Amino acid sequence: MVKQPLTDDPQESQAASGESERLPPRFATYFHIHLVSDSTGETLNAMARAVCARFTDILPIEHIYALVRSTRQLDRALEEIGGAPGVVMHTIVDPGLRAALEEGCRKLEMPCIAALDPVVSAMSRYLGARISTRVGAQHALTNDYFDRIEALDYAIAHDDGQGGQDLTQADVILVGVSRTSKTPTCIYLAHRGVRAANVPLVPGRPPPQELFELKNTLIVGLITSPDRLIQIRRNRLLSLKENRESDYVDGDAVRQEIIAARRLFERQGWPVIDITRRSVEETAAAVINLLSGGRGKVEVLGA
């Protein structure tokens, strides 16, 4: 394992020099984690990151080996694993490949963790059902798979107020001022099979009338703090090499946008999610909760 200080800022180091005799320096522990999968590796990668996030000052160096379905592929993976000792996690289903991987790790004296085994075994005992050994079963071309693809197509076609005539087909419509994570949240929801459209609130331009005529569609307002919104918008302008000041990043103008959005949501009785301290995943989870729960009075989440 490699250790190095969490900060290399000389000013920060000098500022902390007076406390150096009393407090031990903070170190980040780097380690290699090898993720071996006979499918896309998405499940394994998400599990590994979730586990590593539970440890303070631990920084994994990920090595991903996806679609490992032959002895030759496994041998190449083991060769690379041997060159960077660490932890091996896998979701290999085939008994022969699984045994070969575990034996290879034993010879290399590395821990080999079958990531899904505890959950799958517990489910098997509860259901009294046999465990399938079919590779990539979670990615089969089922109706759910095609529903997700259709939801993704819908989200792209109805991004930023497009395709207004088809809003009746949406499961949820996200409404908010510019840069309130409407698009990434819709895309994330689409991957969960939710048809999501989004409509921007633009100063001086009324929202489409179709939005107010919907009867059975969940409409959710997204808001954030003015300071956070200004910061995001400035970063957006910098990425576009745009340095001119405008109402887009003016403090008073941005606050008026937020106030107008809040008033609209309250008048319409739409539930509201404050995204200031929420990731896209958390915002999407809140939307899914609203889809599966009550839609009554306005609920400001995270405010």
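You'll find the structure just up there.
Residues numbered from 1 in each chain as written. Predicted model: local features only at pLDDT ≥ 70, side-chain atom pairs only at ≥ 80, totals over all residues. Heavy atoms only, no water.

Visitor: Would you mind showing me how to read the packing of aromatic side chains here?
Guide: Note on aromatic pairs: each is described by the distance of the centres and the angle between the planes. Evaluation of the coordinates by the stated rule reveals two aromatic pairs. On the basis of an interplanar angle of 45° and a centroid distance of 6.1 Å, the ring pair of Phe265 and Trp270 is categorised as tilted. The burial state of Phe265 is the same as that of Trp270; both residues are buried. An aromatic cluster of three or more residues is present, and its members are Phe212, Phe265 and Trp270. It is Arg233 that lies over the ring of Tyr248; its NZ or CZ is 4.5 Å from the centre. (Phe/Tyr/Trp six-rings, centres within 6.5 Å; stacked < 30°, edge-to-face > 60°. Buried < 20%, exposed > 50% of the residue type's maximum accessible area, 1.4 Å probe, protein only. Lys NZ or Arg CZ within 6 Å of the ring centre and 35° of its normal.)

Visitor: Looking at this model, I keep getting lost on helix α2 (residues 42–52). Mind explaining?
Guide: An α-helical turn contains 3.6 residues, so any two residues separated by three or four positions project in the same direction. Among all positions in α2, only Leu44, Asn45, Ala48 and Cys52 are buried. Seen end-on, α2 carries its buried residues on one side only, within an arc spanning 100°. (Helix = DSSP H or I, 4+ residues; strand = E, 2+ residues; numbered from the N terminus. Arc of directions from axis to C-beta.)

Visitor: Please explain the nonpolar core as it appears in this structure.
Guide: Nonpolar side chains in soluble globular proteins generally cluster together in the buried interior. Counting residues in each nonpolar core, the largest one holds 22 residues, and the members touching the most others are Ile173, Val175, Leu201, Leu211, Ile219, Phe265 and Trp270. For this core, the secondary-structure elements that each account for two or more residues are β6 (172–177), β7 (196–201), β8 (218–223), α9 (226–239) and α10 (251–268). Element by element, the count of residues in this core is highest for α10, at five residues. Within the second largest apolar cluster, 18 residues are counted, among which are Leu189, Ala190, Val287 and Leu290. (Core = buried A, V, L, I, M, F, W, Y, C linked by side-chain atoms within 4.5 Å.)

Visitor: Looking at this model, I keep getting lost on the packing of helix α3 (residues 71–82) against helix α4 (residues 95–108). Mind explaining?
Guide: Helix packing for two helices is described by the angle between their axes and how far apart those axes are. For the pair α3 and α4, interaxial distance at closest approach is 11 Å and the crossing angle is 20°. Considering their axes alone, α3 and α4 lie roughly parallel with respect to each other. Note on packing geometry: the crossing formed by α3 with α4 is right-handed. Across the interface between the two elements, Thr71, Leu74, Leu78, Ile81 and Gly82 from α3 touch Leu97, Ala100, Leu101, Gly104, Cys105 and Leu108 from α4. Of the residues that constitute the contact of α3 with α4, the class distribution is eight nonpolar, three polar and no charged. (Axes fitted to C-alpha atoms, helices over the stretch in contact; angles between N-to-C directions. Parallel < 35°, antiparallel > 145°, perpendicular 65-115°, else oblique. Left-handed = near helix turned anticlockwise from the far one by under 90°. Contact = heavy atoms within 4.5 Å. Nonpolar A, V, L, I, M, F, W, Y, C, P; charged D, E, K, R; others polar.)

Visitor: How should unusual backbone geometry be read in this particular structure?
Guide: Glycine aside, negative phi is the norm for most residues, and most peptide bonds take the trans geometry. Non-glycine residue Leu67 carries a positive phi angle of around 55°. For Ser181, which is not glycine, the phi dihedral falls at a positive 65°.

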